[in-house]
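Listed below are the residues making up each chain.
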Amino acid sequence: MDDRQFRNAMGKFATGVTVIVTEVDGEPHGMTVNAFMSVSLTPKLVVVSIGENAKILNKIKESQKFTVNILAADQQTVSMIFAGQLKEHNGVDFDRLGGQPVVPGAIVQISCEVSAEHVEGDHTLFIGKVTDIHLTEDSEPLIFYSGRYRSLAEVTPVVSK
Ligand code: FAD
């Protein structure tokens, strides 16, 4: 099995899009991540998977904190900025949640403290203990599927007879 086949297969799992943000010496740094999952309700834990070459990796190790920002349908540009795909932009301002930097306009902002980290292959899994959440009801998420951005569409409900 080659890398392309693996990537193509994994890309068939439709996801939302998050920006992970951490802060070292008062400087926020973000990265676009779709490898995000809820892990546990008691205690409240989430996980993100960060590639070994990502600049944010050592920053999270140093700060031991990060925020997860679930992007809204109109935030494709934000995703591209934090994926390094859009070099020309006017900078990004951050809001604060529990003192940590968060992305304005995200439909959910979650602040976390690192509770564990596991190196698995060429990625590091950071388990985050959730310390605060800000949720915007009734906003639509940005979707990523098969290497492209999408938006949600309603499906006709199945009616049992
Ligand atoms: P960096 O330079 O660290 O950062 C990436 C970009 O963010 C740069 O252009 C930088 O200018 C910008 N940026 C960072 N901080 C700021 C700031 N404060 N203000 C303004 N701009 C800033 N990779 C993974 O490891 N795990 C994943 O789950 C994952 N999912 C992805 C999902 C999608 C939809 C996409 C498009 C990419 C995903 N990636 C993932 C890839 C990852 O986003 C890129 O490889 C990454 O952005 C490159 O990081 P870097 O450390 O090389 O660049």
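Just so we're clear, the structure is a prediction, and the values are computed from it rather than from any experiment.

Chemist: What is the right way to look at the pairing of strand E3 (residues 27–33) in this model?
Modeler: Taken together, the seven bridges between strand E2 (residues 18–24) and E3 define a ladder with antiparallel strand orientation. Along E3, the bridge assignment pairs Ile 20 with Met 31. Taken together, E2 and the strand that follows it, E3, pair antiparallel across an intervening segment of two residues, in which Asp 25 is found at a positive phi of about 55°.

Chemist: Looking at this structure, I do not really get the site of the ligand. What am I missing?
Modeler: Around the ligand sit 24 residues in total, of which His 29, Thr 32, Gly 51, Lys 55 and Phe 82 are the nearest. Ile 81 is positioned such that a nitrogen or oxygen atom in its backbone is 3.2 Å from an oxygen atom of the ligand. Computed on the free molecule, the ligand has an accessible area of 970 Å², of which 75% lies beneath the protein chains in the complex. Those elements that provide at least two residues to the shell around the ligand are E3, strand E5 (45–51) and helix H3 (76–82). The biggest single contributor to the shell around the ligand is E3, with six residues.

Chemist: How should I be thinking about the sheet that holds strand E1 (residues 15–16) in this particular structure?
Modeler: Strand pairing in a sheet takes place through backbone hydrogen bonds and is either antiparallel or parallel in direction. Pairing is antiparallel in the open sheet, where three strands are placed in the order E1-E11-E12. Two strands bound the open sheet, and with one partner strand each, they are E1 and strand E12 (148–151). Of the strand pairs in this sheet, strand E11 (residues 142–145) and E12 are connected by four bridges, and their pairing is antiparallel. Residue pairing across strands places Phe 144 opposite Tyr 149, the latter belonging to E12.

Chemist: How should I be thinking about helix H2 (residues 56–63) in this particular structure?
Modeler: One turn of the α-helix equals 3.6 residues, which is why residues spaced by three or four share an orientation. Within the span of H2, buried status applies to Ile 56, Leu 57, Ile 60 and Ser 63. The arc that holds the buried residues of H2, viewed along the axis, is 145°, so those residues lie on one side. Set apart from the buried face of H2 by more than 90 degrees, the exposed residues are Asn 58 and Glu 62. Against the buried residues of H2 lie E2, E3, E5, strand E6 (65–70), strand E9 (108–120) and strand E10 (123–135).

Chemist: Explain the pattern of salt bridges here, please?
Modeler: Should their charged atoms come close, side chains of opposite charge can pair. Here the structure, examined in full by the defined rule, presents one salt bridge. A salt bridge links Arg 96 to Glu 23; its shortest N-O distance comes to 2.8 Å. Placement of Arg 96 in strand E7 (residues 95–97) and of Glu 23 in strand E2 is noted, with a sequence separation of 73 residues between them. Arg 96 gets classed as partly exposed once you look at its relative accessible area, which sits at 46%. The exposure class assigned to Glu 23 is partly exposed, which follows from its relative accessible area of 23%.

What counts and what doesn't
Residues numbered from 1 in each chain as written. Predicted model: local features only at pLDDT ≥ 70, side-chain atom pairs only at ≥ 80, totals over all residues. Heavy atoms only, no water. Pairing = 2+ DSSP bridges. Helix = DSSP H or I, 4+ residues; strand = E, 2+ residues; numbered from the N terminus. Near = heavy atom within 4 Å. Polar contact = N/O pair within 3.5 Å; in protein donor to acceptor, adjacent residues only side chain to side chain. Areas by Shrake-Rupley, 256 points an atom, 1.4 Å probe, with all protein chains shown as cover. Buried < 20%, exposed > 50% of the residue type's maximum accessible area, 1.4 Å probe, protein only. Arc of directions from axis to C-beta. Contact = heavy atoms within 4.5 Å. Salt bridge = Lys/Arg side-chain N within 4 Å of Asp/Glu carboxyl O.

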